[in-house]
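# Coordinates in review
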Amino acid sequence: MKSVEVHENPGATRGQIAMLVGLVLLGVIVRIAFHPQAIEPMHRVVANPAMEIVEGHFHPHSFGEFRYGLIYPAALSFALFGVSLASFSLYPLLCSIGSLILAYAIGKRIGGTRVGLGAVFVLSVLPLDIYIAGRGEWPDGPQAFFATLALWLLMVAVDKDKRRQTLWVGFGCGLALGMSCLVKVTTLYLVPALIVYAVVNRKSRWPLVAAVAGLGVVFVGETTLDYWLTGDLIARVRSITGVSAGLGDQGGTGYSVSQLSAYPKKFFLQPLMYGLHMYAAVGAVVYAIRKQWRQSLLLLLWVLWFFGYVWLGSSSPTSYRRLSQFARYIAIINVPLAVLIALWFASLRSWVRWGGYVLLAAAGLFMANLNVADQGERTIAVREAARYLNEQKDSHPVYVNLHTDSALRFFLGSNSNRRIVCYGRTSRLEEGSVLDISSIEGAYVLYDRNHVEELQRRYPDNAFPREVVSPPAHWKEVLVISNPGRASSYSQLRMIRAVAKLPIIPQRFSSKLIETIDKTLKERDLVLYFVP
């Protein structure tokens, strides 16, 4: 391998600018083409408060509703473009585009134009980044963009010679860091990596002082908004402290050695999210430590500190509760990893380098396509239910299970006057209460099997009215959707069923597998009742 020659580039040529624009456009096209169109439980945590802001009656309760850096941009998008999945996805898409540009800026700064352009390409075909760019309810994309912006601004600040420039850029770093915390407060656990870098690379304390000032401005603004909305200056802190006590199901109390292996296992066993990128990331980190540690010091600190905290850190400020380790949490290090991969590839022979880029792109786009197929069924089923309701001329309310309610509202359209009521336990009902729907009349009731079963698995105490699963005789089925036709996962199940019948498959295994598949293919994904 040859080391990458790092030098100052006074400016990009027209050809390089054109290539950058082309790569960013590629990233945008890929993200739009592979929009997941998914319905996830966190839809309502962000979408419903955003719609309340537009309607003028927003009063946050749960910890997710205090993510102002996620909810207010969604509300602005709803106000400008109406309530839809497209408008809901606009903000994370813009943040993803911003991350692509930051990948170029950081890569160019530490390794030249070739590394910058390579980093944009690597990030543009990363399945996880493609996926979160279409998920308005997930905070990980916007959080990663603002955190990476803070990282880049700190790199610029420590290199400035004039105090005034240092102060302004450092202040911007603090603002960006604060904006990231407004999306998801866990950004704070990466602050020590920034402090170490600033101390190592500059004797002056001014970049850190300015960054603290910028972070303080955001904190004061958030505290003021908390008080205005709730009458409590530390409402968000209380909400986080309260919810962290209930994270045992996802993270757990006490330290466990198994958590050390969680993310490496996810890297190599969850290609739908990572493709082949994480295989390349391992080599890139090793290369950077051995050959380019000075140039890539901040990126290495960012990545390694991230793993150190998610392995050993606590999700609670009051007691030790190990962190949940979902695949999407990696998003905050997407740009640093993309830059490190491009830095490593730049040191390889040209045919190896281009082969690596081709493999990453082929695997990444293939997995992104599978993600779309896998997430499509719920969207199709709920959209069909909304289409049916829109065709009816009545104004009867519709009772819908928790977490499908905001998605149904998307598809009904912002002009719909039909009232949507949740059944099952919600944060807006008193603790332990369940909405009684046994005596309703003149209303529709929607049952989304996928979400009800998922919620009952994750939250066994989240009761659902028995009438929905075993409806009374006078409830009329007006719409039944079994195995949505345009989704591919059911086709994949049928293919697996055919393979399981081959003579080479042990009968004991194949019979159990076929039984499970047949049961799934006979189940009804969504049922819409009318109660006269």
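Everything that follows concerns the structure shown earlier in this document.
Reference entry: report on the structure contained in this document.

The rules we used
- Residues numbered from 1 in each chain as written.
- Predicted model: local features only at pLDDT ≥ 70, side-chain atom pairs only at ≥ 80, totals over all residues.
- Heavy atoms only, no water.
- Helix = DSSP H or I, 4+ residues; strand = E, 2+ residues; numbered from the N terminus.
- Buried < 20%, exposed > 50% of the residue type's maximum accessible area, 1.4 Å probe, protein only.
- Contact = heavy atoms within 4.5 Å.
- Pairing = 2+ DSSP bridges.
- Phe/Tyr/Trp six-rings, centres within 6.5 Å; stacked < 30°, edge-to-face > 60°.
- Expected span 1.5 Å × (residues − 1).
- Core = buried A, V, L, I, M, F, W, Y, C linked by side-chain atoms within 4.5 Å.
- Salt bridge = Lys/Arg side-chain N within 4 Å of Asp/Glu carboxyl O.

Another aspect to go through is the environment of Ala 147. Its location among the elements puts Ala 147 in helix 7 (residues 140-157). The class for Ala 147 is buried, based on a relative accessible area of 0%. Leaving out residues up to four positions away in the same chain, Ala 147 has contacts with Ser 180, Thr 187, Trp 302 and Ile 332.

Before going further, it helps to examine the pairing of strand 3 (residues 443-448). Among the six residues of strand 3, six are classified as buried, and the element is accordingly described as predominantly covered. The alternating pattern of strand 3 places Ala 443, Val 445 and Tyr 447 and Tyr 444, Leu 446 and Asp 448 on opposite faces, both of which are buried. Here strand 1 (residues 398-401) runs beside strand 3; their pairing, made up of three bridges, is parallel. Each bridged residue has a counterpart across the sheet, and for Val 398 the counterpart in strand 3 is Tyr 444. Note: strand 3 against strand 5 (residues 526-531), six bridges, orientation antiparallel. Residue pairing in the sheet places Ala 443 in a bridge with Val 531 of strand 5.

Here we come to the packing of aromatic side chains. Applying the stated criterion across every chain yields a total of 17 aromatic pairs. Measuring from ring centre to ring centre gives 6.4 Å for Trp 168 and Phe 171, while their planes differ by 90°; the resulting arrangement is edge-to-face. Of the two residues, Trp 168 and Phe 171 are both situated in helix 8 (residues 163-183); the distance of three residues between them amounts to about one turn of the helix. Judged by relative accessible area, Trp 168 falls into the exposed class, the value being 61%. Note on Phe 171: relative accessible area 24%, which makes it partly exposed. Three or more aromatic residues link up through ring pairs in this structure, and these residues are Phe 121, Trp 344, Phe 345, Trp 354 and Tyr 357.

Moving on, we get to helix 10 (residues 206-230). Under the 1.5 Å per step criterion, the end-to-end length of helix 10 is 36 Å for 25 residues, consistent within 8% with the ideal 36 Å. Among the residues trailing helix 10, Gly 231 stands out with phi positive, at a value near 80°.

We now examine the nonpolar core. Counting residues in hydrophobic clusters, the biggest one holds 85 residues, and the most contacted among them are Tyr 274, Phe 306, Phe 307, Ile 330 and Ile 333. Considering every element that reaches this core, the biggest residue donor is helix 16 (residues 334-345), with 10 residues. When residues no more than four places from it in sequence are discounted, the contact partners of Phe 307 are Tyr 263, Phe 267, Ile 330 and Ile 333. Listed in part, the 37 residues of the second largest apolar core include Leu 85, Val 398, Leu 412 and Phe 530.

So, about the pattern of salt bridges. All told, the structure shown has eight salt bridges when counted by the stated rule. Across the pair Asp 140 and Lys 184 runs a salt bridge whose closest N-O atoms are separated by 3.4 Å. Separated by 44 residues along the polypeptide, Asp 140 in helix 7 and Lys 184 in the loop between helix 8 and helix 9 (191-201) bring together distant segments of the chain. Classification of Asp 140 as buried rests on a relative accessible area of 1%. Connected through salt bridges with shared partners, the residues Asp 140, Lys 184 and Arg 328 form a single ionic network.

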